[in-house]
Amino acid sequence: MISRRSFVATLAATAGAGLCSGQAAWSAPALSMTDLRGSIDAGAAGLSPTPGEDQTRQLAELIAQAVRGDQWVFLPPGRYEVSNLTLPDRTRLTGIAGATEIAYSGGGAFIDAGAANRIELSNIIFNGAGLPLPEDVPAMLNLRDVFDLTIDNCTLKGNAKTALQMERCGGRITNCRISEIGEYGLYAIDSTGLAVKDNIVSDCGNGGLLIHRRQKGEDGSIVTGNRITRTGSTYGGTGQYGNAINLYRADSVIVSGNHISDSAFTAIRANSSSDIQIADNQCLRSGETAIYSEFGFEGAIVTGNLVDGAANGINIANFNEGGRLAIVANNIIRNISLTGPYEHDSVGFGIGIGVEADTVVSGNVIENVPRFAMLIGWGPYLRNVAATGNVVRAAKIGCAVSVAEGAGSALISGNIFEGMAEGAVIGFRWHDAATGELASGDERFAHLTIAGNRVA
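Residues numbered from 1 in each chain as written. Predicted model: local features only at pLDDT ≥ 70, side-chain atom pairs only at ≥ 80, totals over all residues. Heavy atoms only, no water.

A. Fine view of the environment of Leu438. Note on placement: Leu438 falls in the loop between strand S40 (432-437) and strand S41 (448-451). In this structure the C-alpha to C-alpha distance between Leu438 and Ala424, which are 14 residues apart in sequence, comes to 7.5 Å. Apart from residues lying up to four places away in sequence, Leu438 is in contact with Val425, Ile426, Gly427, Phe445, Leu448 and Ile450. (Helix = DSSP H or I, 4+ residues; strand = E, 2+ residues; numbered from the N terminus. Contact = heavy atoms within 4.5 Å.)

Structure below.
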């Protein structure tokens, strides 16, 4: 067998030979692997993958031994079947990516942990094996109060419940694959500085990545670089389920650079979450609103996103519940549909961008919208909205603005409207059109400033 040191020396010699022969200099890439010097090799210690044999006790004993020496446990390739495996503080467990599998053997919990300073898991397939978990066990991996959790380059698959549930945990979940899950891919509650980065999440029955808090407050999680596809909503509802990324009561969260497609409901849904950034995401074929900031929030930046295919594009909603203060800028929204996943009892579907209070809508390009490209206010729920410098093409109505009694101020200026079927700027009282064309302004509505728009 070739040792790691010999392997690296061979790479160095190869690079030197290239230089001597006049070839371009070449350097070995950084080796992305866990440093296993001093680790416990589970195979050498007598643990061998044996299908049909529960190996919980042997694996737990090896982990306990490694914890005492601050060592890793290395699992050679194969399938190890366990249940009710509890990970103690300082667990460090790794294998061969794509070849080492820990499978649920049934009868109790799969894997859990609590009250740990550090736990590290890498290069392992965690397979729920399609076996049912007990009613009081919420997830395949159920972790609580882990200050510094690392799960890297792992696969979680094959269970009717949630893949990974975390409560009061910090750390990072990176480069993992989560698929074939009945409920949620990742459900993080009351996180303490969590990063969820560069994962692939597919075919989850009711939600992809959930960042929730039991009480509204600062969360600080970062959700970036993930690829999420085919998020279902088997529980139905009107938005509680079926969202690829869902924030609830979680303030100060960044959601950026994610590629999201084919969500039953929303690509990115933020409910009662303040001081958030939703930036530079790709949202394709969302069943309902592609990007939502709703209910009791203050402060949302929604910028640089591309939305192609949705029942609504971007919705900044619920001023009646305290939802206010946002920037919606430099997004592309196109190919919006009138059809949603349920019968809407309020504003409805077919809207490009909808906003209500203390919000700037600027620099967006909106195209192919069957109802309103922009909806500014709803009944009396309108205050301090500026819609400027947007380009709107091919819509039924370019901008619907509330002229209902009690509506507050709005500025609509410097926009380009081309191909409007029924008008560029039209005043509405709730669902009903109440004016003719307002694109050049109308002094009857003191709360509106409309100027400098171009209608082609």
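B. Expanded view of the pairing of strand S12 (residues 171-174). Where strand S9 (residues 139-152) lies against S12, four bridges are found, and the strand directions are parallel. Following the sheet pairing, Asp152 is matched in S12 by Thr174. Where S12 meets strand S15 (residues 194-197), four bridges bridge the pair, whose relative direction is parallel. From the neighbouring strand, Gly171 faces S15, where its bridge partner is Leu194. (Pairing = 2+ DSSP bridges.)

C. Representation of the layout of surface pockets in the model. Of the voids in this model, the largest pocket is the one considered here, and its volume is about 750 Å³. Along the wall of the largest pocket there are 37 residues; nearest its centre are Tyr292, Glu294, Phe295, Ala317 and Asn318. Elements supplying a minimum of two residues to the lining of the largest pocket: strand S20 (243-251), strand S23 (268-271), strand S26 (289-294), strand S29 (312-316) and strand S32 (351-355). The dominant element in the lining of the largest pocket, judged by the number of residues it contributes, is S29, at four residues. Looking at the lining of the largest pocket residue by residue, the classes come out as 14 nonpolar, 16 polar and seven charged. (1 Å grid on protein atoms, 1.4 Å probe; cavity = no way out; pocket = protein on both sides within 12 Å on 5 of 7 lines; lining within 4 Å. Points joined across faces, edges and corners; volume = space filled by probe spheres on them. Nonpolar A, V, L, I, M, F, W, Y, C, P; charged D, E, K, R; others polar.)

D. Looking closely at helix H2 (residues 56-68). With 13 residues, H2 ought to run about 18 Å at 1.5 Å a step, and its terminal C-alpha atoms sit 19 Å apart, in line with that. For H2, the full list of buried residues reads Thr56, Leu59, Leu62, Ile63, Ala66 and Val67. Buried residues of H2, viewed axially, fall in a sector of 140°; they line one side. Opposite the buried face of H2, by more than 90 degrees, sit the exposed residues Arg57 and Arg68. Tucked into the core, H2 has its buried residues touching strand S1 (40-41), strand S2 (73-74), strand S3 (78-82), strand S4 (85-87), strand S5 (91-94) and strand S6 (100-104). Backbone geometry just downstream of H2 places Asp70 in the positive-phi region, at approximately 50°. (Expected span 1.5 Å × (residues − 1). Buried < 20%, exposed > 50% of the residue type's maximum accessible area, 1.4 Å probe, protein only. Arc of directions from axis to C-beta.)

The analysis is restricted to geometry; functional conclusions fall outside its scope.
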